[in-house]
Every structure is written in structure tokens, then in C-alpha cells.
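What follows is the residue order along each chain.
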Amino acid sequence: MNPSYGSSLVKVSEAQFQKAVIELAHRFNWRVAHFKTAQTSKGAWVTPVAADGAGFPDLCLVRERIVFIELKAEKGTMSDNQLAWGDALRVAGVEYHCFKPRDWDEIERVLLTPRREHLRRITELGQEIENQRGAAA
Ligand SMILES: [Mg+2]
């Protein structure tokens, strides 16, 4: 699947998109964790989590670094819990992304990013967070 095509982009479901991202990650030698949803007796689809688990990112990728990814269908929006997890992970210096099918080129770039460039970016982000904390104090 190559989700980078015009008007049919909106028709790609999050499940199809996720399958394509996992395939791409495996091609680039990432180890991928995803926690499947389960259907309740009332028919709702939920991910069985406890504590603050609601909104936890869809994918955790590990190679020479750790990357958390929240996936959304083209018209999908982030829940408050998903936003909170994104903020918490970024503040902790962890690489976190939210991607839609239209971001396919960026996904390829992120999954191909070699360690050296990643270390440079994480250093810049750490400096940004330090500066923000300094400004807020
Ligand atoms: Mg998602």
C-alpha cells in the first residue's frame, strides 16, 4: 500500500494505515509493539489498559532509538488522553509523532533517520525544553 495519493487518501482507514506503517517499519528493521483493541460485550472496541493507559500511542518502535507513534485516519482527531501522552513523552525527551496517511513521506524520513541525526535533533529538543522551563521559571 502506498497511501500517498490524492483524493482517495481520505478512504484509508486507520487499520489499513497502521498495517502499512508496520510493514514499512519492519522493512527498515524496527521492532514494533502494538496493543490490539478488544470488543466489549456491548460491542465497543477498546484497548484493555489500566492506570493512565488510555490514549497511549498506537505504536512503539525500537531500533537504535525508541519512537512512539500515534496514527490517525485522514479525518481523525486526537483525544485529550492522546494529547496528554504526546506531551508527557516529548517532555521526557522521547521521540513522538502523530501521523496521518498524507504524512507518508515524513514517516519514511523518520523511520530512515540514522542515529547521528537523531542524536542532534534530540539535543536540540532538550535545549528547547530547557529554554521553555527557564522562561517559565
Ligand atoms: Mg490511533
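The structure reproduced in this document is the subject of the present report. (Residues numbered from 1 in each chain as written. Predicted model: local features only at pLDDT ≥ 70, side-chain atom pairs only at ≥ 80, totals over all residues.)

What about the overall build of the chain?
Within the chain, the secondary structure is distributed over 4 helices and 6 strands. Tracing the chain from N to C terminus, the helices and strands come up as α-β-β-β-β-β-α-β-α-α. Each of the three principal axes of the chain carries a C-alpha extent, and together these read 50 × 35 × 30 Å. Out of the 137 residues in the chain, the part that is buried amounts to 16%. Taking the contacts inside the chain whose residues are at least 6 apart along the sequence as the reference set, 64% of them involve residues at least 24 apart. (Helix = DSSP H or I, 4+ residues; strand = E, 2+ residues; numbered from the N terminus. Buried ≥ 20, exposed ≤ 12 C-beta atoms within 10 Å, placed from the backbone. Contact = placed C-beta atoms within 7 Å.)

Looking at the packing of helix H1 (residues 14–27) against helix H3 (residues 104–112)
Remark: H1 packs on H3, axes separated minimally by 10 Å, with the N-to-C direction vectors making an angle of 30 degrees. Looking at the two axes, H1 sits roughly parallel to H3. At the point where H1 passes H3, the crossing takes the right-handed sense. Contact residues: H1 offers Val-21, Leu-24 and Ala-25, while H3 offers Ile-107, Glu-108 and Leu-111. When its residues are assigned to classes, the contact of H1 with H3 shows 5 nonpolar, no polar and 1 charged. (Axes fitted to C-alpha atoms, helices over the stretch in contact; angles between N-to-C directions. Parallel < 35°, antiparallel > 145°, perpendicular 65-115°, else oblique. Left-handed = near helix turned anticlockwise from the far one by under 90°. Nonpolar A, V, L, I, M, F, W, Y, C, P; charged D, E, K, R; others polar.)

Focus: the sheet that holds strand S4 (residues 59–62)
Within the open sheet, the 4 strands sit side by side as S1-S4-S5-S6. Their pairing is mixed. Here the strands that pair on one side only, and so sit at the sheet edges, are strand S1 (31–34) and strand S6 (95–99). When the angles between neighbouring strand axes are averaged without regard to direction, this sheet yields 20 degrees. Sheet topology places strand S5 (residues 66–71) next to S6; 5 bridges connect them, and they run parallel. When the bridges of S6 are listed, Glu-70 appears paired with Cys-98. The sheet contacts of helix H2 (residues 80–91) involve S5 and S6, and relative to S6 the element is tilted by about 150 degrees. (Pairing = 2+ DSSP bridges.)

Comments concerning the environment of Arg-115
With respect to the secondary-structure elements, Arg-115 resides in helix H4 (residues 115–136). With 10 C-beta atoms counted inside 10 Å, the residue Arg-115 sits in the exposed group. Sequence separation between Arg-115 and Arg-63 is 52 residues; the distance between their C-alpha atoms is 9.5 Å.

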